[in-house]
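A look at the structure
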Amino acid sequence: MLDIKPTHKPIKEYFTELEAFATHGHSNEMTVRNAFQDLLQHYSRKLSWQFIEEYPIKRKGRRDASVDGALLDQFSLARGFWEAKDTHDNLPTEVAKKFADGYPQTNILFWQPGRVILYQDARLILDEDISTPAKLVEVLNAFFTWDQPYIREWEHAVEEFKSTIPTLAESVLKILKQQKESNRPFRESFDRFYELVKASVNPGLSVHAVEEMLIQHILTRRIFTTIFNSPTFLQKNAVAREIEGVVSALVQGFGTVDDFLKPLDRFYKALELAAGINEDYSQKQTFLNVVYEKFFQGFAVKVADTHGIVYTPQPIVDFMVKSVEAVLQKDFGKGLASEGVHILDPFVGTGNFILRVMREIHAQKPEALRYKYLNELHCNELMLLPYYIACLNIEHLFFELTGQYEPFPGICLVDTFELVEDRQIGMFTSDNTDRVQRQKDSPIYVVIGNPPYNAGQVIENDNNKNRKYPAIDKRVSDTYAKDSKASNKNALSDPYVKAFRMAADEIISTGEGIVAFVSNNGFLDGIAFDGMRKHIRKDFENTWLLDLGGNVRENPKLSGTTHNVFGIQVGVSIAILTRMRTGELHSVNYARMDEYWTKRQKYKQLVVDSDYRAVQFNRVSERDDNVWLSEGMADDWEDLIPIFFNSTNRLGRSSLFELSSNGVKTNRDSWAYNFSRAELGLNIRRMIDEYMIQLGRYLLMSDKPNFDDYISNDDTKISWSESLKNTFQRGTVEEFAIDGVRTSMYRPFTQEACYFSRTYTERRYQFPRIFPTGVENSVICLSGIGSSKPFQSLAVNMIACLDMLEKTQCFSLFVYDDDGSNKRDNISDWGLEQFQAHYNDKGISKLDIFHYVYGILHSPQYRAKYAANLKRELPRVPFAPDFKAFAEAGKKLMDLHVNYEEQSEFALTEVWAEVKPKDYRVAKMKRDSKDATRLIYNQSLTLIGIPMGVDDYKLGNRSALNWIVDQYQVSTDKRSGITNNPNREDDPTYIVRLIKKVVGVSMETNAVVESLPPIE
Ligand SMILES: C[S@@+](CC[C@H](N)C(=O)[O-])C[C@H]1O[C@@H](n2cnc3c(N)ncnc32)[C@H](O)[C@@H]1O
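The structure displayed is predicted, hence computed values, not measured ones.

1. Things to note about the overall build of the chain
Secondary structure summary: the chain contains 38 helices and 35 strands in total. The dimensions of the chain, computed from C-alpha atoms along their principal axes, are 110 × 85 × 60 Å. At a minimum sequence separation of 6, the contacts of the chain that also span at least 24 residues come to 72%. Summed over all atoms, the accessible surface of the chain reaches about 43,800 Å², with 49% contributed by carbon and sulfur.

Laid out in structure tokens, this is it:
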């Protein structure tokens, strides 16, 4: 406790300055002010607070103001403010002005030489002449000892605590880091703990993850003990006990843990007070859920991404638990309450499923609950906070249902996938290890839950990749991947796929049982999941799939928040899989909820249905290709000429093209693409320099640290990608080379300079053989397998970007060796023979076929008839009755598209505002939303006369013209700060001419497409 005395040195110094001021007047004003500031700083330091000058004051709907000084405690909470004024100011008037301006009134000291006004809690406390030390000390003591009153109402406290969590978490993190530097016992205790967590949860765990664990513990420990009325929780809980030791070492310098957390009293006290009065557990539980969500959303966002931190809404949990109970009764003659039915939620979160299962057991057979609770309910959680919450929730419900308190022995703090690994490890504490072993030894009969899903990180600089698990990954690869015909199987690395594999194996080893998961619905029809579908059919007698839809990426008309049951972007489904010993019937049954239902309608339906028996399922027919959702597929597809088979699909079959390539993938577009060649060169050179510097340092280190911890992820200097990290680790050096700067079609009709190199382009696929430097070629590009947008095709004569179309797949006319030699046809002799034989015409050439294919791919009849097939496979082409008409139309289209810059300009009228000279620079163009014939080019130029029908020529969901409008804008990438400017100094009218040409190309394309003859 601070006790300021008139005899203190800083007080004396202040008065020396004040006297000098009295003698010499205003020339000393600044020195007195500084002396007062020194006083505040001095006493702040004594309290381990920080004095911040020019502290920003947030004001609703207005710009921040700033106060001369603020005192922040260890949690960055503001404990007092200081505003200094001059002698000639009228202090009370200034105070009134500042309050009107939105200054805080909690604890604020207005000062001028010789006088102060102190406001606390919006009340005037002191207005004093401070020309004597005794008065000054009185003011300072009042200012420094002020404590914010406790918040009274529960809701207000929850609200404030919630919005403060990210700041609190950041502050504790800072303290942790400082203490690690200065507090040896803590450092040692932290290191020991870190090793323990690594050994038990994940050997690759970062220091940061463990710091987060401690923060979660520190901020919530008091909530558990007092609010949840569980005073012994910290001593009794298998994990909390261990962490308490580390925390005590951390706070040594602050006294006890309670002293350390004193500044947070105002939140906790309010919560405790309300909790004391309020016996309603559900309100407390809601509060915990808020803390849980807020912690992850506001502070540990990346963790939330990798672990899929999202609640399961109650109607889904109810439906699933009731369905499992129904299946158990109907097909197994048992129930959840039956002895021997071990139940596991492998991803328990805050405990939703286990809680519901307990209620169901209690409803079915109250006397069974105790035995089940102590012996046959199991669950795992990987993150500390949900683990604590689940413990409390489950133990509390048991108490509520039975009137007894028993610690729940079925919960483990463990990584479920790690359990599949065949290694014997200590799991944190001996208690936790025993529980894990007990779970491993139990024959699990029901696996139920909501597995995390996320196909992997998007940006390598984020360093939040999904972890690798050798054993379960191998199981997925030996089964789901091995039996997949897809060429790109990345989607199988999603954790929910591992979860299905793990759960199926668990039930297979028990012999019979049920898996009930709510998860990403991608496996129902995803291309890469054909093997997974095959195995689900094989492993389970009956499969019930209730598709809740909500895939916003596939259907942009949907909104994640409104339509998706989890409020997310990917579709969701419930799967109930049953394995019986009969081993005969293998039925897959599918039902879907209306695509356009809101999530509320979907919840309601689940409540109405109650369990799976009320749902109208359709039996899915068994097909060799393991397609479940085959609606809309054409029957004659197999009879058409395949343009290409990838290596897994080929199986000795011939195809029209010899070679295919994906479009080029840079994984760092803002660095590797630019409208300006010069800018591109500068950017990529800068990044290469950074790579070289980091590599040079790394190579010189004798004791090499963990690679991911070593590299710097500064987005403004470098953009890492998986392959660049690999090359780095191999020590590969590649200098910038000018011939790496190439031209590429980045988006339809949008050429940009692109850096094309072995090291700095993530994947070049076959493009070194399609466009080695200095050769000519034509390439038919089309949207690849699994595209969500309508089928599209565009021919180009340069490198194509993977996202030029969706998942761009490319078929060139010629193929070369990497050095540009050995030019040969890419259309196979087999293909030529098929065509010549079918049309009985030896005159048909490979070039004719190339054009023919392009013509067919534009036929509206073809696109409509085979739409569903084209989503799943690369195109196959029919023999149309009129070969020549398609070949000629294809040739014409190819010329229009490849040589779009040479086409004549469509006559649009330029309407200029009164500006001189004319300005052709664009910032962001716009189609006039009220009049589609007008395009607002920039502030001074509008183009009018855009013909009707121009938007009929679409590539994906966007017309060619709208691609130009969208792409030709000045943009700055948020992460790297790199600007891409499409305006050309050397050719200022390029963009306006391009627009006119692309309008012309669109209209002519429409005309050719309309005149195409039938395909059959
Ligand atoms: C989608 S949430 C489940 C939510 C839960 N059903 C509920 O309603 O609270 C997934 C949970 O699993 C945890 N988790 C993710 N991966 C895990 C793993 N490998 N082992 C154990 N738990 C994991 C996450 O921390 C998260 O709390």
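2. Notes on the sheet that holds strand 13 (residues 572-579)
Strand order in the open sheet formed by 9 strands is 9-8-7-10-11-13-12-14-15, with mixed pairing between adjacent strands. Whereas interior strands pair on both sides, the edge strands pair on one side only; in this sheet they are strand 9 (411-413) and strand 15 (618-619). Where helix 14 (residues 314-332) meets the sheet, its contacts fall on strand 10 (444-449), strand 11 (513-520), strand 12 (542-549) and strand 13, and the angle it forms with strand 11 comes to roughly 155°. Together, strand 10, strand 11 and strand 13 form the strand contacts of helix 21 (residues 495-510), whose direction differs from that of strand 11 by roughly 175°.

3. Digging into the packing of helix 1 (residues 9-24) against helix 2 (residues 29-46)
Running from N to C, helix 1 and helix 2 point in directions that differ by 170°, and their axes come no closer than 9 Å. With respect to their mutual orientation, helix 1 and helix 2 come out roughly antiparallel. Touching P10, I11, Y14, E17, L18 and F21 of helix 1 are E29, T31, V32, A35, F36, L39, H42 and Y43, all from helix 2. Considered class by class, the residues forming the contact of helix 1 with helix 2 number 10 nonpolar, 2 polar and 2 charged.

4. Section: the environment of N980
Within the fold, N980 resides in strand 35 (residues 979-980). With 10 residues separating them in the primary sequence, N980 and V970 have C-alpha atoms 5.8 Å apart. Other than its neighbours up to four places away in sequence, N980 contacts N674, F675, E752, Q969, V970 and S971. Here F675 takes part through its backbone nitrogen, which lies 2.9 Å from a polar atom of the side chain of N980. Here E752 takes part through its side chain, which lies 3.2 Å from a polar atom of the side chain of N980.

5. Here's the deal with the pattern of salt bridges
Under the criterion given, the structure shown has 52 salt bridges. Residue E1016 pairs with K865 through a salt bridge whose shortest N-O separation is 3.1 Å. One end of the pair, E1016, is in the segment after helix 38 (990-1010); the other, K865, is in helix 34 (residues 860-865), with 151 residues separating them in the sequence. A relative accessible area of 27% places K865 in the partly exposed class. Three or more residues are tied together by salt bridges with common partners; here these are E83, K85, E94, K97 and K98.

6. A word on the sheet that holds strand 31 (residues 941-944)
Ordered by their spatial adjacency, 4 strands build an open sheet running 28-31-30-29, and the pairing between neighbours is antiparallel. Of all the strands in the sheet, just strand 28 (909-912) and strand 29 (926-927) have a single pairing partner and so form its edges. The pairing of strand 29 with strand 30 (residues 934-936) spans 2 bridges and is classified as antiparallel. Looking at strand 30, one finds that K926 is bridged to I936. Helix-sheet contacts for helix 38 involve strand 28, strand 30 and strand 31, and the interaxial angle to strand 31 is about 15°.

7. Some details on the nonpolar core
Grouped together as the largest cluster of nonpolar side chains are 142 residues, with contacts concentrated most on F500, F523 and I574. Top contributing element to this core by residue count: helix 17 (residues 384-402), with 11 residues. Contact partners of I574, with chain neighbours within four places excluded, come to I316, F319, M320, F517, V518, W544, L545, L546, L548 and L606. In terms of nonpolar packing, the next biggest core, distinct from the first, is built from 98 residues, V779, Y852, L943 and V950 among them.

8. Here we look at the packing of helix 36 (residues 883-898) against helix 38
Direction vectors running N to C along helix 36 and helix 38 enclose 170°, while the axes themselves pass 10 Å from each other. Viewed along their axes, helix 36 and helix 38 adopt a mutual orientation that is roughly antiparallel. The segment helix 36 lies against helix 38, with A889, K892, L893, L896 and H897 engaging V1001, E1004, T1005 and V1008. Grouping the amino acids of the contact of helix 36 with helix 38 by side-chain chemistry returns 5 nonpolar, 2 polar and 2 charged.

9. Some words on the layout of surface pockets
Approximately 920 Å³ is the volume found for the second largest pocket. Surrounding the second largest pocket, 29 residues form its lining, Y55, L77, A78, F81 and E160 being those nearest its centre. Residue assignment for the lining of the second largest pocket shows that the elements contributing at least two residues are strand 1 (50-59), strand 3 (78-84), helix 5 (154-182) and helix 11 (265-277). With 5 residues, strand 1 is the largest single contributor of residues to the lining of the second largest pocket. Grouping the constituent residues of the lining of the second largest pocket by class yields 12 nonpolar, 7 polar and 10 charged.

10. Focus: the pairing of strand 11
Judged by how many residues are buried, strand 11 sits mostly within the fold: 8 of 8 residues are covered. In the sheet, strand 10 pairs with strand 11 via 4 bridges, with the strands oriented parallel. By the bridge assignment, V446 is partnered in strand 11 with I514. Where strand 11 and strand 13 come together, 8 bridges link them in antiparallel fashion. Bridge assignment links S519 to a residue of strand 13, and that residue is S573.

11. A word on the environment of K954
When you line up the elements, K954 lands in strand 32 (residues 954-955). In this structure, the C-alpha to C-alpha distance between K954 and P790, residues 164 residues apart in sequence, is 9.2 Å. In this structure the side chain of K954 is engaged in a polar contact, spanning 3.0 Å, whose partner is the backbone oxygen of D951.

12. Some details on the packing of aromatic side chains
With the rule as written, the count across this model stands at 57 aromatic pairs. Chaining the aromatic ring pairs together yields one cluster made of Y453, Y496, F500, F517, F523, F529, F566 and W628. Here the guanidinium or amino end of K180 rests over the ring plane of F190, the centre of that ring lying 4.3 Å away.

13. Re the environment of R33
Structurally, the position occupied by R33 is in helix 2. Setting aside its immediate chain neighbours within four residues, R33 contacts D68, W82, A84 and W111.

14. Points about the side chain of K180
Relative to the helices and strands, K180 is located in helix 5. Accessibility expressed as a relative area gives 17% for K180, which makes it buried. Among residues more than four places away in sequence, those in contact with K180 are F186, R187, F190, V207 and E211.

15. Observations concerning unusual backbone geometry
Phi at E54 is positive, roughly 50°, even though this residue is not glycine. Among the structural elements, E54 can be located in strand 1. For N626, which is not glycine, the phi torsion reads 55° and is therefore positive. Position of N626 relative to the elements: it lies in the loop between strand 15 and strand 16 (641-642).

Thresholds applied
- Residues numbered from 1 in each chain as written.
- Predicted model: local features only at pLDDT ≥ 70, side-chain atom pairs only at ≥ 80, totals over all residues.
- Heavy atoms only, no water.
- Helix = DSSP H or I, 4+ residues; strand = E, 2+ residues; numbered from the N terminus.
- Contact = heavy atoms within 4.5 Å.
- Areas by Shrake-Rupley, 256 points an atom, 1.4 Å probe, with all protein chains shown as cover.
- Pairing = 2+ DSSP bridges.
- Axes fitted to C-alpha atoms, helices over the stretch in contact; angles between N-to-C directions.
- Parallel < 35°, antiparallel > 145°, perpendicular 65-115°, else oblique.
- Nonpolar A, V, L, I, M, F, W, Y, C, P; charged D, E, K, R; others polar.
- Polar contact = N/O pair within 3.5 Å; in protein donor to acceptor, adjacent residues only side chain to side chain.
- Salt bridge = Lys/Arg side-chain N within 4 Å of Asp/Glu carboxyl O.
- Buried < 20%, exposed > 50% of the residue type's maximum accessible area, 1.4 Å probe, protein only.
- Core = buried A, V, L, I, M, F, W, Y, C linked by side-chain atoms within 4.5 Å.
- 1 Å grid on protein atoms, 1.4 Å probe; cavity = no way out; pocket = protein on both sides within 12 Å on 5 of 7 lines; lining within 4 Å.
- Points joined across faces, edges and corners; volume = space filled by probe spheres on them.
- Phe/Tyr/Trp six-rings, centres within 6.5 Å; stacked < 30°, edge-to-face > 60°.
- Lys NZ or Arg CZ within 6 Å of the ring centre and 35° of its normal.

Everything listed here is a matter of coordinates, which is why it stays silent on function.
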